[in-house]
Amino acid sequence: MQVTVRKFTDADLPAMTAIWNGIVGEGNSFPQDRPFTEEEAREFFAAQSFTGVAEADGKVLGLYILHPNNAGRCGHIANASYGVSSGARGLGVGEKLVRHSLEMCPACGFVGLQFNAVVCTNTAAIKLYERLGFEHIGTTKNGYRFKDGSYADLFLFNKPLI
C-alpha cells in the first residue's frame, strides 16, 4: 500500500470528520468530548497552520493538525494531533503523518514540536514518538478523563528541530 501525505482539501472533509469523530467517540486519546459537525470540522481544520491527510488508493486513512503550542514569544514551537482510521491502524500511517508534520514545521515557522497530552495508555503513539527522537519531558498526573470517569496520566513530549 502506497501512502502519501498531502494538504487536505474540502473533498476530504467527510472522511476527516468521520476519522476525528471516531477517535473522539472512543474516548481514549483526544481531549474533545463531543463530535464535530462537518461545518465545525471545516472551520477547525482550516484554522490550523497546516492540516494534512494520509491517503492510499484515493481513500483518506488519517490526518494531522499542526499549530502553535502557545502564543507570542512561545509561538515558534508547534503542537500537533494525529488520527488514523480504525481500519488503517498498525499499517505505518501514523508514522507517515508524524514524519510529514516534522517536515512541515520549518515551512510553518516552527523550530520544535511538543505534545502536551499523550495519554499514558496510548502505547503505540508513545513508542513511535520515542523511536522518532521525541523526549518525554514530563507527566501531568490524572490529566486525562476517560468516558467511564476514570483518570490516566498525560505525558509531554518534545523534539527540538534546530
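For clarity, every value in this text was computed on a predicted model and none was experimentally measured.

**Focus: the overall build of the chain**
So, point 1. When helices and strands are counted, the chain shows four helices and seven strands.
So, point 2. In the chain, the succession of helices and strands from N to C terminus is β-α-α-β-β-β-α-β-α-β-β.
So, point 3. Taken over C-alpha atoms, the radius of gyration comes to 15 Å for the chain, in line with the 15 Å a tight globule of 162 residues would show.
So, point 4. Taken along the three principal axes of its C-alpha coordinates, the chain extends 40 × 40 × 30 Å.
So, point 5. Looking at the chain residue by residue over its 162 residues, the buried ones come to 46%.
So, point 6. Considering only contacts within the chain whose residues lie at least 6 apart along the sequence, 61% involve residues at least 24 apart.
So, point 7. As presented, the chain carries roughly 8,400 Å² of accessible surface, and 51% of it is formed by carbon and sulfur atoms.
So, point 8. Averaging the locations of the 15 positively and 16 negatively charged side chains of the chain gives two centres separated by 4 Å.

**A few points about the nonpolar core**
So, point 1. Residues Leu66, Tyr82, Leu113, Phe115, Tyr129 and Phe134 are the most contacted members of the largest nonpolar core, which totals 31 residues.
So, point 2. Elements supplying a minimum of two residues to this core: strand S2 (50-56), strand S3 (59-68), strand S4 (77-84), helix H3 (93-107), strand S5 (112-119), helix H4 (123-131) and strand S7 (151-160).
So, point 3. In terms of residue count, H3 provides more of this core than any other element does, six residues in total.
So, point 4. Residues within four places of phenylalanine 115 in sequence aside, it is in contact with Asn79, Ala80, Tyr82, Tyr129, Phe134, Phe155, Leu156 and Phe157.

**Description of the packing of aromatic side chains**
Here the distance between the centres and the angle between the planes together describe a pair of aromatic rings.
So, point 1. Scanning the model with the defined rule gives 17 aromatic pairs in all.
So, point 2. Judged by centre distance (6.4 Å) and plane angle (45°), the rings of tyrosine 82 and tyrosine 129 are tilted. On the criterion of sequence distance, the pair formed by tyrosine 82 in strand S4 and tyrosine 129 in helix H4 is long-range, its members being 47 residues apart.
So, point 3. You can call tyrosine 82 buried: its relative accessible area is 12%.
So, point 4. Aromatic pair tyrosine 144 and phenylalanine 146: ring centres 5.3 Å apart, planes at 70°, arrangement edge-to-face.

**Observations regarding the sheet that holds S7**
So, point 1. Ordered by their spatial adjacency, seven strands build an open sheet running S1-S2-S3-S4-S5-S7-S6, and the pairing between neighbours is mixed. The strands lining the two open edges of the sheet, one partner per strand, are strand S1 (4-7) and strand S6 (135-145). The sheet shows a mean angle of 25° between the axes of neighbouring strands, direction not considered.
So, point 2. Taken together, the seven bridges between S3 and S4 define a ladder with antiparallel strand orientation. Within S4, the position partnered with leucine 66 by the bridge is alanine 80.

**Brief notes about the pairing of S6**
So, point 1. Summarising the sheet, S6 and S7 pair through seven bridges and their orientation is antiparallel. From the neighbouring strand, histidine 136 faces S7, where its bridge partner is phenylalanine 157.
So, point 2. Between the end of S6 and the start of S7, which pair antiparallel, lie five residues, with glycine 149 showing a positive phi angle near 90°.

**Structural notes on the pattern of salt bridges**
So, point 1. Applying the stated rule across the entire model yields nine salt bridges.
So, point 2. Between glutamate 26 and arginine 89 there is a salt bridge, and its shortest N-O distance comes to 3.1 Å. Of this pair, glutamate 26 sits in helix H1 (residues 13-26) while arginine 89 sits in the loop between S4 and H3, placing them 63 residues apart in sequence.
So, point 3. Among the salt bridges present, the one from glutamate 95 reaches arginine 131, with a minimum N-O distance of 3.0 Å. Taken together, the residues span a long stretch of sequence, with glutamate 95 in helix H3 and arginine 131 in helix H4 at a distance of 36 residues.
So, point 4. The partly exposed category is assigned to glutamate 95, whose relative accessible area is 22%.
So, point 5. On the accessibility criterion, arginine 131 (54% relative accessible area) is exposed.
So, point 6. Counted as one network, the salt bridges with shared partners bring together Arg6, Asp12 and Glu55.

Basis of the calculations
- For every chain, the first residue of its written sequence is number 1, and the numbers climb from 1 along that sequence.
- Restriction of local features to residues with pLDDT of at least 70 applies here, the model being predicted, together with a cutoff of 80 or more for giving and counting side-chain atom pairs; totals for whole chains, interfaces and linings are based on all residues.
- Values shown for side chains rest on all heavy atoms present in the structure; no hydrogens or waters enter the calculation.
- A run of DSSP states H or I qualifies as a helix once it reaches four residues; a run of E qualifies as a strand once it reaches two. Both are numbered from the N-terminal end.
- Restricting the calculation to C-alpha atoms gives the radius of gyration, and the globule rule supplies 2.2 Å times the number of residues raised to the power 0.38.
- For the exposure calls, accessible area comes from a 1.4 Å probe over protein chains only, and a residue counts as buried if that area is under 20% of its type's maximum, exposed if over 50%, partly exposed in between.
- It only takes one pair of heavy atoms within 4.5 Å for two residues to be counted as in contact.
- Note on areas: Shrake-Rupley with a 1.4 Å probe; residue coverage comes only from the protein chains shown.
- Asp and Glu are treated as the negative residues and Lys and Arg as the positive ones, with His and the ends of the chain left uncounted.
- To locate a charge, take atom NZ for lysine, CZ for arginine, CG for aspartate or CD for glutamate.
- Residues enter a nonpolar core if they are buried and are Ala, Val, Leu, Ile, Met, Phe, Trp, Tyr or Cys, with the set joined through side-chain atoms within 4.5 Å.
- Centre distance within 6.5 Å is the pairing criterion for rings of Phe, Tyr and Trp, where only the six-membered ring of Trp is used; planes under 30 degrees apart are then read as stacked, over 60 as edge-to-face, and the remainder as tilted.
- At least two bridges found by DSSP between two strands are what make those strands a pair.
- In this analysis, axes come from line fits to C-alpha atoms, helices being fitted only over the stretch in contact, and the angle between any two N-to-C directions falls in the range 0 to 180 degrees.
- For this document, the term salt bridge refers to a Lys or Arg side-chain nitrogen within 4 Å of an Asp or Glu carboxyl oxygen.

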